[in-house]
Amino acid sequence: MTVQVPLWHHYLQAIRSRGAPRAQDHQRAENVLFTVLEHVHARDPRFLVDYSHDLEAFQFTLRSSEDPLDMEVPLWVDAEALLIEELGVPETGDGSASCRLGVPREVPGLERWMTDDVFSASEDSTTCCGHIVPGKVLHVLKDILVAAIVHCKHHSLITPGSLNAASLREEGLCLSLLVSSGWRMIRFNIVPVVRRKHRVPALEGAQLMPCFPEGSLKRIISQEVPLVPASAQHWRVSTDYLLTRLLGALGSLQGHRLDSLSILDRVNHESWRDGGQGPGLTFGHLKMVLLWASVLFPAPEDWAELQGATYRLLVVLLCCLATKNLPHFLYPERNLLQDSGLDLNALYQRVERFASQPEAFLRIHVTHLGRSPPPRIGNGIKALLQLPASDPTYWATAYFDVLLDKFQVFNIQDKDRISAMQSIFRKTKALGGDES
């Protein structure tokens, strides 16, 4: 007798079946890059090769989207000896403040970073003699990277067609390369980084985030974090590094947190972004939604069932789109949807259609589509989702419990539906709502 696999789990199995091949693709592409970066280091020892990218590979296997991957190139420098001059004003939507890296006077071991190609002298400071300039560092790394690629191709250290460096002509805060993994091209952003200890206040109140495994935040806080170029003159903390480690911590827990993220990323790529051809949400946006949902729903039972776990992300996402505000997890005052250039109203409609009739989207092939049940979202849910988010009580767990109950009531047998709706009505009244 054939066992019928529920649609949600069938879809998840299809995504998981691609995980191992994607991991191999990532490894092959990474090996090509490592070969080139080893020759970068041989030409200029100030640039190191970091082989520890396990978490980045793990994150790549979760994704269906093809957004660029970062490849960090650490600078060989005593970062704790450098002076951090914070400017206080973020230059990007990342949320972290920009800073300058000052080279203190008469400190041994920093001479290699006081040469004109990466250094700008300063006469108006009593504490430092100048600064390491990210724009100059990028220029030096670009020149050496080009020379290393030519060397590797000339000596057949990398196979023909395995690397496309055409985008190196573009100016930016990273160096972009297309690397072949065999049958697909993966875009990597080569980013020079300075790693050092850095305070992140949002992670220091570990007792406020019971959703993470015990001790995980302390371990993350104790690690060095990378400073990356924020502009031609300034650096900033890379929050993506920290967020990836938080994601890894959630992945060590039982439940469907990461599975729900993979499902929404696949639906986002295939349906909301038309196979990645159109603008829309990134994996970073969805990762932020999962982090917030994990804090709002810290109980293990909230993530025990796949469909319920996915709807927890959907409710948070719909609320963010309706209110046009997705707070950064580490810098909540920063809105990641502000100035994004996205049509949030149209995007809301797409996400809402999925929440209403997920069966129409949970297919890997058109033949997997069966009859769709009637829509699950009524005007009552829409009204709740469109409440203004200026009042922080709307981010309370009770508010989302109401929404989740309203979604899930359509899965309850008819004989239980009346009592379930009465319970929802009482909850809504308690929040000051009015539901007919």
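As the structure is a prediction and not an experimental result, all values here were calculated from the model.

Before we move on, could you go through the side chain of Ser167 and cite the residues and values that matter?
Considering the arrangement of structural elements, one finds Ser167 in the loop between strand 6 (163–164) and strand 7 (175–180). Among all residues touching Ser167, those that are not within four sequence positions of it are Ser176, Leu177 and Arg187.

For the nonpolar core, give the residues involved together with the corresponding values.
Ranked by internal contacts, the top residues of the largest apolar core, which has 110 residues, are Leu145, Ile190, Leu246 and Trp272. With near-sequence residues (within four places) excluded, Leu246 lies in contact with Leu203, Phe212, Leu217, Ile220, Leu291, Phe329 and Leu330.

Break down the packing of helix 1 (residues 7–17) against helix 2 (residues 19–43) for me, with residues and values.
Where helix 1 meets helix 2, the closest approach of the two axes is 4 Å, and the angle between their N-to-C directions is 25°. It follows that helix 1 is roughly parallel to helix 2 by the angle criterion. Packed against helix 1, whose contacting residues are Ile15, Arg16 and Ser17, the element helix 2 presents Gly19, Ala20 and Pro21 at the interface. The residue makeup of the contact of helix 1 with helix 2, split by class, is three nonpolar, two polar and one charged.

How would you summarise helix 2 if you had to cite specific residues and measurements?
With 25 residues, helix 2 should cover 36 Å at 1.5 Å per step; its first-to-last C-alpha distance of 36 Å lies within 8% of that length. Buried within helix 2 we find Gly19, Arg22, Asp25, His26, Ala29, Glu30, Val32, Leu33, Phe34, Val36, Leu37 and Val40.

Can you tell me about the state of the cysteines, naming the residues and giving the values?
In the structure shown here, the tally under the stated rule is zero disulfides. Of all cysteine sulfurs in the structure, the one in Cys320 sits closest to Cys319, which takes part in no disulfide; the separation is 5.9 Å.

I'd like to hear about the packing of aromatic side chains, residue by residue, with values.
Evaluated as defined, the whole model comprises six aromatic pairs. The rings of Trp8, Trp272, Tyr311 and Phe354 are connected pair by pair, giving a single aromatic cluster. Between the NZ or CZ atom of Arg22 and the centre of the ring of Phe60, over which it lies, the distance is 4.1 Å. Over the aromatic face of Tyr241 sits the side chain of Arg245, whose NZ or CZ is 3.7 Å from the ring centroid.

Describe the pattern of salt bridges, naming the residues involved and giving the relevant values.
The final tally for this structure, using the stated rule, is 14 salt bridges. Two residues, Asp44 and Arg46, come together in a salt bridge whose shortest N-O distance is 2.9 Å. An identical accessibility class is assigned to Asp44 and Arg46; each is buried. Glu85 serves as the salt-bridge partner of Arg100, at 3.1 Å between the closest nitrogen and oxygen. Here the residue Arg100 occupies a position in strand 3 (residues 98–104), and Glu85 occupies one in strand 2 (residues 83–86), the gap between them amounting to 15 residues.

Conventions used here
- Residues numbered from 1 in each chain as written.
- Predicted model: local features only at pLDDT ≥ 70, side-chain atom pairs only at ≥ 80, totals over all residues.
- Heavy atoms only, no water.
- Helix = DSSP H or I, 4+ residues; strand = E, 2+ residues; numbered from the N terminus.
- Contact = heavy atoms within 4.5 Å.
- Core = buried A, V, L, I, M, F, W, Y, C linked by side-chain atoms within 4.5 Å.
- Buried < 20%, exposed > 50% of the residue type's maximum accessible area, 1.4 Å probe, protein only.
- Axes fitted to C-alpha atoms, helices over the stretch in contact; angles between N-to-C directions.
- Parallel < 35°, antiparallel > 145°, perpendicular 65-115°, else oblique.
- Nonpolar A, V, L, I, M, F, W, Y, C, P; charged D, E, K, R; others polar.
- Expected span 1.5 Å × (residues − 1).
- Disulfide = S-S within 2.5 Å.
- Phe/Tyr/Trp six-rings, centres within 6.5 Å; stacked < 30°, edge-to-face > 60°.
- Lys NZ or Arg CZ within 6 Å of the ring centre and 35° of its normal.
- Salt bridge = Lys/Arg side-chain N within 4 Å of Asp/Glu carboxyl O.

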